[in-house]
Amino acid sequence: MITLDHITKTYPVGGGLTVLDDVCLDIAQGEYLGILGPSGSGKSTMLHIMGLLDRPTSGHLAFDGRPVNALDDKELSTMRGRLVGFVFQSFHLVPQLSVSENVELPLFYQGVPRRQRRARAAKALDEVGMSPRRGHLPAQLSGGERQRTAIARALVTEPALILADEPTGNLDSRTGGDIVALLERLHGEGRTIVMITHDRDIAAQLPRVVHIRDGKLEEQ
Ligand SMILES: Nc1ncnc2c1ncn2[C@@H]1O[C@H](COP(=O)(O)OP(=O)(O)OP(=O)(O)O)[C@@H](O)[C@H]1O
Ligand SMILES: [Mg+2]
């Protein structure tokens, strides 16, 4: 479904900082892939490239065999909205909006009419068990509830790919375990998920894990 073909990323700092060095990876539809690696190893960089938030310095990226290199920023952002749902370590919820409004937001940007937005947000909130809290503000939620809201927001557009950047990083281990179990269930329902984690215990539960070391990818 997604192919990274000899991807290199060099940041223009100092004499040039190469974070990803000739990375090749194929992710099939329905996979649940973990990315493990020390801090600063390039995990987020790789996820951002996969999620069309950033461009590689060289190499090619393809979705369903369709190369994306030649797309301009506007085309990339449309494609991102359609294909990718992001979940971040720090939740990234809008503090002034209710749980339900936060989940509706990606649909609002897609120009989906209000009634449909409501209905689809309700379905996504139901999937993550957050319906009873739909009127709450983010500040009125626990960490786990915030992350479940963020997952509902990632699901609401029905993306082909869910990318989670250390979604358990700000949670205690039990709550983090709940989030991992939720992602596991979504995977079981056929969704394709890529998750970054520092946590070896979490990684050990995943069907497939790749390590980033010195810019190179090692498959486990
Ligand atoms: N926009 C940027 N400009 C310059 N250097 C950057 C930029 N973004 C990241 N880096 C550098 O690239 C390296 C990899 O960063 P990245 O965020 O991908 O690491 P990471 O594996 O996600 O780390 P962590 O586990 O701490 O989140 C780091 O050394 C970082 O300082
Ligand atoms: Mg990171």
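Residues numbered from 1 in each chain as written. Chains lettered and ligands numbered in written order. Predicted model: local features only at pLDDT ≥ 70, side-chain atom pairs only at ≥ 80, totals over all residues. Heavy atoms only, no water.

Q: Sorry if this is basic, but what is going on with the pattern of salt bridges here?
A: Once the charged atoms of two side chains with opposite charge are near each other, the side chains can pair. According to the stated counting rule, one finds 13 salt bridges in the structure shown. Across the pair Lys216 and Asp21 runs a salt bridge whose closest N-O atoms are separated by 3.3 Å. Here Asp21 lies in strand E2 (residues 17-27) and Lys216 lies in strand E10 (residues 216-219), a separation of 195 residues in the sequence. Residue classification places Lys216 among the partly exposed residues on the basis of a relative accessible area of 39%. Note that Glu189 and Arg191 form a salt bridge whose closest N and O atoms lie 3.1 Å from each other. A residue is classified by how much of its surface remains accessible, and Arg191, at 19% relative accessible area, is buried. (Salt bridge = Lys/Arg side-chain N within 4 Å of Asp/Glu carboxyl O. Helix = DSSP H or I, 4+ residues; strand = E, 2+ residues; numbered from the N terminus. Buried < 20%, exposed > 50% of the residue type's maximum accessible area, 1.4 Å probe, protein only.)

Q: Honestly, the nonpolar core in this entry has me stumped. Any pointers?
A: Soluble globular proteins tend to pack their nonpolar side chains together in the buried interior. Tyr32, Val103, Val128, Ile151, Leu183, Leu186 and Met195 are the most contacted members of the largest nonpolar core, which totals 35 residues. Residues contacting Tyr32, with those up to four places away along its chain left out, are Val180, Leu183, Glu184, His187, Ile193, Met195, Leu206, Pro207 and Arg208. In terms of nonpolar packing, the next biggest core, distinct from the first, is built from 32 residues, Leu47, Met79, Phe86 and Leu161 among them. (Core = buried A, V, L, I, M, F, W, Y, C linked by side-chain atoms within 4.5 Å. Contact = heavy atoms within 4.5 Å.)

Q: So what exactly am I meant to see when it comes to the sheet that holds E2 here?
A: Two pairing modes exist for strands in a sheet, parallel and antiparallel, and in both the strands are linked by backbone hydrogen bonds. The four strands lie next to each other as E2-E1-E4-E5, forming an open sheet whose pairing is antiparallel. Across the chains shown, the open sheet's two edge strands, defined by having one partner strand only, are E2 and strand E5 (66-67). Sheet topology note: the strand E1 (residues 2-11)/strand E4 (residues 58-63) ladder contains five bridges and is antiparallel. Residue pairing in the sheet places Thr8 in a bridge with Ser58 of E4. The strands touched by helix H1 (residues 43-50) within the sheet are E1, E2 and E4, with E2 carrying the most contacts at an inclination of about 55°. (Pairing = 2+ DSSP bridges. Axes fitted to C-alpha atoms, helices over the stretch in contact; angles between N-to-C directions.)

Q: Hey, could you run me through the site of ligand 1 in this one?
A: What surrounds ligand 1 is a group of 13 residues, the closest being Ser39, Gly40, Lys43, Ser44 and Thr45. Between ligand 1 and the protein, one listed contact pairs a nitrogen atom with a side-chain N or O atom of Tyr11 at 3.3 Å. Between Thr45 and ligand 1, the recorded distance is 2.6 Å, taken from a side-chain N or O atom to an oxygen atom. Protein burial of ligand 1: of its 640 Å² of free accessible surface, 60% is covered by the chains. Secondary structure elements with two or more residues in the shell around ligand 1: E2 and H1. Considering each element in turn, the shell around ligand 1 owes the most residues, three residues, to H1. Within the shell around ligand 1, the residues separate by chemical class into five nonpolar, seven polar and one charged. (Near = heavy atom within 4 Å. Polar contact = N/O pair within 3.5 Å; in protein donor to acceptor, adjacent residues only side chain to side chain. Areas by Shrake-Rupley, 256 points an atom, 1.4 Å probe, with all protein chains shown as cover. Nonpolar A, V, L, I, M, F, W, Y, C, P; charged D, E, K, R; others polar.)

Q: What's the story with unusual backbone geometry in this structure? I'm lost.
A: Note: most residues except glycine have negative phi, and most peptide bonds are trans. The residue Glu158 is not glycine, and still its phi comes out positive at about 50°. Along the polypeptide, Glu158 turns up in the loop between helix H5 (143-155) and strand E7 (161-165). Backbone geometry places Glu166, a non-glycine residue, at a positive phi of 50°. Among the secondary structure elements, Glu166 is positioned in the loop between E7 and helix H6 (173-188).

Q: It is not clear to me how the side chain of Glu104 should be interpreted in this structure. Could you clarify?
A: With respect to the helices and strands, Glu104 occurs in helix H3 (residues 99-109). Setting aside residues up to four positions removed in sequence, Glu104 forms contacts with Arg117, Arg118 and Ala121.

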